[in-house]
There are 2 protein chains.
Amino acid sequence: MPNFPTNIPEKTIERLSEYRRTLLKYHRQGVTHIFSHVLAGIHGITAVQVRRDLMLIGFTSDAKRGYDVGVLIEFINNILYGETTTNIAVIGMGHLGQAITKYFNSKQLKLKITAAFDIDPSKVGQTIDEIPCYAMSDFEQVMENNDISIVILSLPAKAATELVVPIINAGIKGVLNFTSAPLNFPQGIVVENYDITTILEKVAYFVKAAEENEANQ
Amino acid sequence: MPNFPTNIPEKTIERLSEYRRTLLKYHRQGVTHIFSHVLAGIHGITAVQVRRDLMLIGFTSDAKRGYDVGVLIEFINNILYGETTTNIAVIGMGHLGQAITKYFNSKQLKLKITAAFDIDPSKVGQTIDEIPCYAMSDFEQVMENNDISIVILSLPAKAATELVVPIINAGIKGVLNFTSAPLNFPQGIVVENYDITTILEKVAYFVKAAEENEANQ
C-alpha cells in the first residue's frame, strides 16, 4: 500500500499547495487554529470545497476550534513532498529561467533546483543564483549524477522539441514546459504545458466575452 | 447578439490558442490543409476532441482535404482577439516581468504590452524592452491614458495584495496573477492565478504518485 493517497485530483493538489502557503503565513504569525470558512474566504472558494479537499487527505477538524494549523501543514507536506528532496533542473537560463530559480531559492521547499543548462558560453561553467550552469552536451551525465527527476523548460520553443529524446533517455519523470512547443512524452512522464501566451489569451477572451455579454444585455 | 460565441469553456479556449500556434507554423511552411487527426496527434489529444472544439466555434472541415489552415486561423483569431488590440500592463519588471515582456514583443499578437510599472528608481522613467516603465504612483492615470484592460502581476506577493483596490478603481477587466498571493476580485473581473510553485508542486506530486504506484504493483 502506498503511504500516501496517490489518486488525488489535479485541482485538489493545486488547492492543497495554495492552502499550505496560506497556513504557513498564519503559522508564522502565531495562529494555531483556522476554520474551514476562513481558509475558504481567503481563497475565494466555499467552505464545503475546503472540507472536501482535506477529507481526501484524511484530515478532519476540531468542530470548536477549526483545523490545527501546524498539524495540517505537516499533513499537506507529506502529500506534496514525502520524505525526500526532489531535485530539479532548469533548462534555459534567460530571464524566465533566472526568475524561476531566484523565486525557488528564496523558498524553503523540498523541491530544489540543483542544476541549470544554457547554450550561452558566458553562462556555462558559471554559478547563477547559486546553481551551477552546465552545457547541453553534459545533459544526461548531469541528470544522472545529480539524481534529477524533474526538468523545467524555459528555453526557445524550437530548441525544446529537440530535448524530448534526451529527456526520455535521462529517465526524467516530470516536465514543466513553459515553451510554446506542445511536447508529447510517453506514458509515465508527467508533463505540464504552461505557455504564457495561452494563459494570457484565455484571460483576454473572457474579458472580451464579458464585455460583449454586457453590451448585449 | 454577440458577434462571436461568448460561452466557450476554458479548456477549449486554451486548446484553440494552442491549435492556432501550430496552424501558424504550418501556414508559414505553405501547408494549406490539415486533418483533425494530424492536429490531434501534434497536441497529444484525440481527433474527436479537435472536431468538438472546432464545432463549438462553428468550423467544419472538407472531409477529403481536412481543415483549410488559413481560414481556420482567421476563425480562431476572431474568437481570441476580435477586431481591436487589447492593451496590457506588466506590474513588476524584475526577471519574470522582463521575460514576459520580451516574449510578447517577439510575437505578433493583438494582445500588446504597452506599459510597465516598477518601484525601482533605476527602472522608472526608462524604456525596457521598448515599453515605458512608470512609477506605481502613476498607476490609475497611466491605465486610463493607455486604455489598458488587463494587468500582469509579476511583483512580490506582499506588494500584490495592496494592488487589489487600485486595480478595481482603474477599471481593469482581467488580471493574470503570477504571485503566490491569492487575490480575490469582485465579479466582472477575470482573474487567473498562476503561481509557479503550485504548478511545480503539482508535477512533483504526480511524479511521486506514479513512482509509489509502480513500487506497489
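Rules behind the numbers
- Residues numbered from 1 in each chain as written.
- Chains lettered and ligands numbered in written order.
- Predicted model: local features only at pLDDT ≥ 70, side-chain atom pairs only at ≥ 80, totals over all residues.
- Heavy atoms only, no water.
- Helix = DSSP H or I, 4+ residues; strand = E, 2+ residues; numbered from the N terminus.
- Buried < 20%, exposed > 50% of the residue type's maximum accessible area, 1.4 Å probe, protein only.
- Contact = heavy atoms within 4.5 Å.
- Least-squares fit on C-alpha atoms with pLDDT ≥ 70 in both.
- Phe/Tyr/Trp six-rings, centres within 6.5 Å; stacked < 30°, edge-to-face > 60°.
- Polar contact = N/O pair within 3.5 Å; in protein donor to acceptor, adjacent residues only side chain to side chain.
- Expected span 1.5 Å × (residues − 1).
- Pairing = 2+ DSSP bridges.
- Axes fitted to C-alpha atoms, helices over the stretch in contact; angles between N-to-C directions.
- Parallel < 35°, antiparallel > 145°, perpendicular 65-115°, else oblique.
- Nonpolar A, V, L, I, M, F, W, Y, C, P; charged D, E, K, R; others polar.
- 1 Å grid on protein atoms, 1.4 Å probe; cavity = no way out; pocket = protein on both sides within 12 Å on 5 of 7 lines; lining within 4 Å.
- Points joined across faces, edges and corners; volume = space filled by probe spheres on them.
- Core = buried A, V, L, I, M, F, W, Y, C linked by side-chain atoms within 4.5 Å.

A word on the overall build of chain A
Turning to step 1, where the next piece is worked out: When helices and strands are counted, chain A shows 9 helices and 9 strands.
Turning to step 2, where the next piece is worked out: On the principal axes, the C-alpha backbone points of chain A span a range of 60 × 55 × 35 Å.
Turning to step 3, where the next piece is worked out: When the 217 residues of chain A are sorted by exposure, 50% land in the buried category.
Turning to step 4, where the next piece is worked out: Taking contacts inside chain A between residues at least 6 apart in sequence as the whole, the part at least 24 apart equals 57%.

Comments concerning the relation of the copies chain A and chain B
Turning to step 1, where the next piece is worked out: Overlaying chain A with chain B gives an RMSD of 0.0 Å, the required rotation being 180° about an axis along which the chain moves by 0.0 Å. The superposition of one copy onto the other is thereby described by a two-fold rotation axis.
Turning to step 2, where the next piece is worked out: With an isologous cut-off of 70% or more, the 100% of interface residues of chain A that recur at the interface of chain B puts this contact in the isologous class.

Quick notes on the packing of aromatic side chains
Turning to step 1, where the next piece is worked out: Applying the stated criterion across every chain yields a total of 13 aromatic pairs over all chains.
Turning to step 2, where the next piece is worked out: Each ring, one from Tyr 103 of chain B and one from Phe 104 of chain B, has its centre 6.1 Å from the other, and the planes form 80°; the classification is edge-to-face.
Turning to step 3, where the next piece is worked out: Three or more aromatic residues joined by ring pairs make a cluster, and in this case those are Phe 59, Tyr 67 and Phe 75 of chain A.

Describing the environment of Asn 193 of chain A
Residue and element names in this part refer to chain A.
Turning to step 1, where the next piece is worked out: In this structure, Asn 193 sits in strand 9 (residues 190-193).
Turning to step 2, where the next piece is worked out: Between the C-alpha atoms of Asn 193 and Thr 179, which are 14 residues apart in sequence, the distance is 7.6 Å.
Turning to step 3, where the next piece is worked out: Aside from chain neighbours lying at most four places away, what touches Asn 193 is Asn 177, Ala 181 and Leu 183.
Turning to step 4, where the next piece is worked out: A polar contact of 2.7 Å, which involves the side chain of Asn 193, links it to the side chain of Asn 177.

Some words on helix 1 (residues 10-28) of chain B
Turning to step 1, where the next piece is worked out: Over its 19 residues, helix 1 of chain B runs 28 Å from end to end, which matches the ideal 27 Å to within 8%, given 1.5 Å per residue.
Turning to step 2, where the next piece is worked out: Buried residues of helix 1 of chain B: Thr 12, Ile 13, Glu 14, Arg 15, Leu 16, Ser 17, Tyr 19, Arg 20, Arg 21, Thr 22 and Leu 23 of chain B, and no others.
Turning to step 3, where the next piece is worked out: In this fold, the buried residues of helix 1 of chain B make contact with helix 9 (196-215) of chain A together with strand 1 (33-34), helix 2 (36-43), helix 3 (47-56) and helix 4 (69-80) of chain B.
Turning to step 4, where the next piece is worked out: One or two positions beyond helix 1 of chain B, positive phi appears at Gly 30 of chain B, with a value near 90°.

Quick word on the sheet that holds strand 4 (residues 111-117) of chain B
Residues and elements named next belong to chain B.
Turning to step 1, where the next piece is worked out: Strand order across the open sheet formed by 7 strands is 5-6-4-3-7-8-9, with mixed pairing between neighbours. At either end of the open sheet lies a strand with only one pairing partner, and these are strand 5 (127-128) and strand 9 (190-193).
Turning to step 2, where the next piece is worked out: Examined bridge by bridge, strand 3 (residues 86-91) and strand 7 (residues 148-153) share 5 bridges and lie parallel to one another. From the neighbouring strand, Asn 87 faces strand 7, where its bridge partner is Ile 148.

Considerations on the pairing of strand 6 (residues 131-134) of chain A
All names here are of chain A.
Turning to step 1, where the next piece is worked out: Only one face of strand 6 is covered, namely the one carrying Ile 131 and Cys 133; the face carrying Pro 132 and Tyr 134 has none of its residues buried.
Turning to step 2, where the next piece is worked out: Across 2 bridges, strand 4 (residues 111-117) lies against strand 6 in parallel orientation. Following the sheet pairing, Phe 117 is matched in strand 6 by Tyr 134.
Turning to step 3, where the next piece is worked out: Two strands pair when backbone bridges link them, and strand 5 (residues 127-128) and strand 6 are joined in this way by 2 bridges, in the antiparallel orientation. Looking at strand 6, one finds that Thr 127 is bridged to Pro 132.

Observations concerning the pairing of strand 8 (residues 174-177) of chain A
Residues and elements named next belong to chain A.
Turning to step 1, where the next piece is worked out: The two faces of strand 8 match: Gly 174 and Leu 176 on one face and Val 175 and Asn 177 on the other face are all buried.
Turning to step 2, where the next piece is worked out: Across 4 bridges, the pairing between strand 7 (residues 148-153) and strand 8 is parallel. Bridge pairing in strand 8 links Ile 150 to Gly 174.

So, the environment of Phe 59 of chain B
Residue and element names in this part refer to chain B.
Turning to step 1, where the next piece is worked out: Here Phe 59 is to be found in the loop between helix 3 and strand 2 (67-68).
Turning to step 2, where the next piece is worked out: A residue is classified by how much of its surface remains accessible, and Phe 59, at 7% relative accessible area, is buried.
Turning to step 3, where the next piece is worked out: With near-sequence residues (within four places) excluded, Phe 59 lies in contact with Leu 54, Tyr 67, Asp 68, Val 71, Leu 72 and Phe 75.

Digging into the packing of helix 9 of chain A against helix 4 of chain B
Turning to step 1, where the next piece is worked out: Viewed as axis vectors pointing N to C, helix 9 of chain A and helix 4 of chain B meet at an angle of 65°, and their least axial separation amounts to 8 Å. When the axes of helix 9 of chain A and helix 4 of chain B are compared, the pair comes out roughly perpendicular. Across from Glu 201, Tyr 205 and Lys 208 of chain A in helix 9 of chain A, the residues of helix 4 of chain B making contact are Asn 78, Ile 79 and Leu 80 of chain B.
Turning to step 2, where the next piece is worked out: Considered class by class, the residues forming the contact of helix 9 of chain A with helix 4 of chain B number 3 nonpolar, 1 polar and 2 charged.

Thoughts on the sheet that holds strand 9 of chain A
Residues and elements named next belong to chain A.
Turning to step 1, where the next piece is worked out: Read across the sheet, 7 strands follow the order 5-6-4-3-7-8-9 without closing on themselves; strand pairing throughout is mixed. Each of the sheet's edge strands pairs with one partner strand only, and the pair in question is strand 5 and strand 9.
Turning to step 2, where the next piece is worked out: Lying over the sheet, helix 5 (residues 95-105) contacts strand 3 (86-91), strand 4, strand 5, strand 6 and strand 7, oriented at roughly 150° with respect to strand 4.

Focus: the layout of surface pockets
Turning to step 1, where the next piece is worked out: Reported here for the second largest pocket is a volume of approximately 400 Å³.
Turning to step 2, where the next piece is worked out: Looking at the second largest pocket, it is lined by 23 residues, and the ones nearest its centre are Lys 208 and Glu 211 of chain A together with Thr 84, Thr 85 and Thr 86 of chain B.
Turning to step 3, where the next piece is worked out: Residue assignment for the lining of the second largest pocket shows that the elements contributing at least two residues are helix 9 of chain A together with helix 4, strand 3 and strand 7 of chain B.
Turning to step 4, where the next piece is worked out: The greatest single-element share of the lining of the second largest pocket, amounting to 5 residues, is contributed by helix 9 of chain A.
Turning to step 5, where the next piece is worked out: Each residue belonging to the lining of the second largest pocket can be placed in one class, and the counts come to 8 nonpolar, 9 polar and 6 charged.

Details of the nonpolar core
Turning to step 1, where the next piece is worked out: With 100 residues, the main nonpolar core has Leu 23, Leu 54 and Ile 152 of chain A together with Leu 23, Leu 54 and Ile 152 of chain B as its most contacted residues.
Turning to step 2, where the next piece is worked out: Setting aside residues no more than four positions away along its own chain, Leu 23 of chain B makes contact with Ile 34, Leu 39, Val 69, Leu 72, Ile 73 and Ile 76 of chain B.

Structural notes on the side chain of Glu 201 of chain B
Turning to step 1, where the next piece is worked out: Here Glu 201 of chain B shows up in helix 9 (residues 196-215).
Turning to step 2, where the next piece is worked out: The buried category is assigned to Glu 201 of chain B, whose relative accessible area is 1%.
Turning to step 3, where the next piece is worked out: Dropping the residues within four chain positions of it, Glu 201 of chain B is found in contact with Ser 17, Arg 20, Arg 21, Leu 80, Tyr 81, Leu 109 and Leu 111 of chain A.

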